[in-house]
Amino acid sequence: MEKTAPTPEQLRRRSLQSGTIGAIVEWYEYTIYGTAAALVFGSLFFPNLSSGVGQIVSLASFGVGFLARPLGAVVAGHLGDRIGRKSTLILTFSVMTVATAAIGLMPTYAQIGVAAPLLLCVLRLAQGFAVGGEWGGAAIIAVENAPRRRRGYFGSWPQIGVSAGLLLGTAAVSLSAWLSGDSFETWGWRLPFLLAIVLAVVGLVIRLRATESPAFLAEKAKMDAEMEQRKAPAVVLFREHKRSLLIAIFGRFAEAGNYYLFTTFILSYVTTTLGAPRSYGLTASMIGAAANIALIPAFGALSDRIGRPKTFLIGAGIIVVTTWPVFALVQTGELWAITLGVVIFMALGHAMVYAPLPALYCEMFPTAVRYSGISIGYQMASILLASFAPALAAAMVLWTDGSLWAVIVFAIACTLVAIVAISFAPDRRHLELDEIDVTTLPGEHPAASLREAS
């Protein structure tokens, strides 16, 4: 019996599943590293340092992965714009999984000495390289396959990958800690990393079923028919779309570093500075992540109604006015207060600025450089701000003798930068993607130059 071709609705659903499930698995893998860095890596891989300095260095190893993100964004952006979104996403997914499984199997400092932290950093760089190309591809494959009136909603689904990965990763660490008990620092911490292998099989099967977006296929067919040798997408991007790129970079300042302050750093602060049980930070992270997952699609749909920039700016305003109260709640050391503080940030501020980003960024760049544009813009913000935010916050706390005022000022200042940047972003929710290809921001070159021969 001959198989029937999938309907357009089925193709959209597969693309949405590919972007969402793949993002969940990759961010699960990324989360368990951050959690392990906050809880046990200081003693396992940097035992010769004092507890406070060892904690900072351990969190800095978390930031090392961000150094490779821009390179991953450039490579994946080039491949995604030239070869295809689907193939590139499979590549980033595979690299991430191999690196994560290897971390779960590697020896510690007590076994191989200084080679252990060096190897850990190498594997962390591989993780960062993979994530550098993941977000852009997941966002694009969802948005480019979406109906015009629902691009914000479709694009918001891969955004739940971060919090779903946080929820799943934190739950895996909590379960491993419970199962291993006093042996968590010996072998229990390895279990979440090895579980990534099972999750990766599921994610890979789903990703293989996805298809390239109509927008990309049309662009590729056009270029193939013209037998045209284009300049590298990154070259065109930096030359002709600088304004859009700057908006993409600085627009992320509201959530890039703040997300890790309110998750990774708070987990470390609660256990090391406040002396609260490890379960307090883990519980707050899981509940906050669940609230984030529930509201991101709702705010994505809201951006389809009132516009991406307006949705973002409302969320950024919420972050500004709630940062001090949230940290005040955390500083009480009470479980209910820590949880409430994390939920306020994750469910309101972060969810509202994060949900519209995929559609907003996709609508700023032409199809021929879209993967490069949103990947490089997104990951440049990561290395500028998010990379060492937890370690920087830990250093601020050490410098201020346990006070959080410097961290609060830092979080608010970063959010204000994002508000200024997104104030210049266009609202293009009423345009088709092919219309965006011939629409540029004031001061930028016309998109026709994308087809300039080398």
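Before any of the text, the structure's been laid out above.
Note that this is a predicted model, so its numbers are computed, not measured.

The next point concerns the environment of threonine 311. Along the chain, threonine 311 falls in helix 16 (residues 308-331). Residues threonine 311 and phenylalanine 299, spaced 12 residues apart in sequence, show a C-alpha to C-alpha distance of 7.4 Å. Setting aside its immediate chain neighbours within four residues, threonine 311 contacts Phe299, Leu302, Ser303, Ile306, Met352 and Pro356.

A few words now on the packing of aromatic side chains. Counted under the stated rule, the structure contains 10 aromatic pairs. Centroid distance tyrosine 153 to tryptophan 157: 6.1 Å. Interplanar angle 85°. Geometry classified as edge-to-face. In this structure tryptophan 157 comes out as partly exposed when scored by relative accessible area, which is 26%. Ring-pair connections join several aromatic residues into one group, and the members of that group are Trp135, Tyr361 and Tyr378. If you follow arginine 124 out to its NZ or CZ, it ends over the ring of tyrosine 33, 4.4 Å from the centre.

What follows is about the packing of helix 1 (residues 8-39) against helix 9 (residues 160-180). For the pair helix 1 and helix 9, the least separation of the axes is 6 Å and the interaxial angle reads 50°. Taken together, the axes of helix 1 and helix 9 lie oblique to each other. Viewed along their axes, helix 1 and helix 9 form a crossing whose handedness is right-handed. Contacts from Thr20, Ala23, Ile24, Trp27, Tyr28, Thr31, Ile32, Thr35 and Leu39 of helix 1 reach helix 9 at Ile160, Gly161, Val162, Ala164, Gly165, Leu166, Leu168, Gly169, Thr170, Ala172 and Val173. The class makeup of the residues in the contact of helix 1 with helix 9 is 13 nonpolar, seven polar and no charged.

Here we come to the environment of alanine 38. Residue position: alanine 38 is located in helix 1. Residue class for alanine 38 comes out buried when judged on its relative accessible area of 2%. For the pair alanine 38 and proline 390, spaced 352 residues apart in sequence, the C-alpha separation works out to 9.3 Å.

A few words on the nonpolar core. A general feature of soluble globular proteins is that nonpolar side chains tend to end up buried together. Leu261, Phe265, Tyr361 and Val407 are the most contacted members of the largest nonpolar core, which totals 81 residues. Of all hydrophobic cores here, the second largest spans 26 residues; its members include Tyr33, Val40, Ala172 and Ala177.

Let's shift gears to a nonpolar patch on the surface. Among the surface-exposed residues, Leu175, Trp178, Leu179, Trp187 and Leu191 lie close enough to one another that they form a single nonpolar patch of about 570 Å² accessible area. With three residues, helix 9 is the single largest residue contributor to the nonpolar patch. Considering the arrangement of structural elements, one finds leucine 191 in helix 10 (residues 191-208). Leucine 191 gets classed as partly exposed once you look at its relative accessible area, which sits at 33%.

Let us look at the side chain of threonine 323. By the secondary structure assignment, threonine 323 is in helix 16. The exposure class of threonine 323 is buried, given its relative accessible area of 1%. A distance of 2.6 Å separates a polar side-chain atom of threonine 323 from the backbone oxygen of isoleucine 319. When neighbours within four sequence positions are excluded, threonine 323 is seen to be in contact with Phe262, Ile408, Ala411 and Ile412.

What counts, and where the lines are drawn
- Residues numbered from 1 in each chain as written.
- Predicted model: local features only at pLDDT ≥ 70, side-chain atom pairs only at ≥ 80, totals over all residues.
- Heavy atoms only, no water.
- Helix = DSSP H or I, 4+ residues; strand = E, 2+ residues; numbered from the N terminus.
- Contact = heavy atoms within 4.5 Å.
- Phe/Tyr/Trp six-rings, centres within 6.5 Å; stacked < 30°, edge-to-face > 60°.
- Buried < 20%, exposed > 50% of the residue type's maximum accessible area, 1.4 Å probe, protein only.
- Lys NZ or Arg CZ within 6 Å of the ring centre and 35° of its normal.
- Axes fitted to C-alpha atoms, helices over the stretch in contact; angles between N-to-C directions.
- Parallel < 35°, antiparallel > 145°, perpendicular 65-115°, else oblique.
- Left-handed = near helix turned anticlockwise from the far one by under 90°.
- Nonpolar A, V, L, I, M, F, W, Y, C, P; charged D, E, K, R; others polar.
- Core = buried A, V, L, I, M, F, W, Y, C linked by side-chain atoms within 4.5 Å.
- Patch = residues over 30% accessible without salt bridge, like charges linked within 9 Å, V, L, I, M, F, W, Y side chains within 5 Å.
- Areas by Shrake-Rupley, 256 points an atom, 1.4 Å probe, with all protein chains shown as cover.
- Salt bridge = Lys/Arg side-chain N within 4 Å of Asp/Glu carboxyl O.
- Polar contact = N/O pair within 3.5 Å; in protein donor to acceptor, adjacent residues only side chain to side chain.

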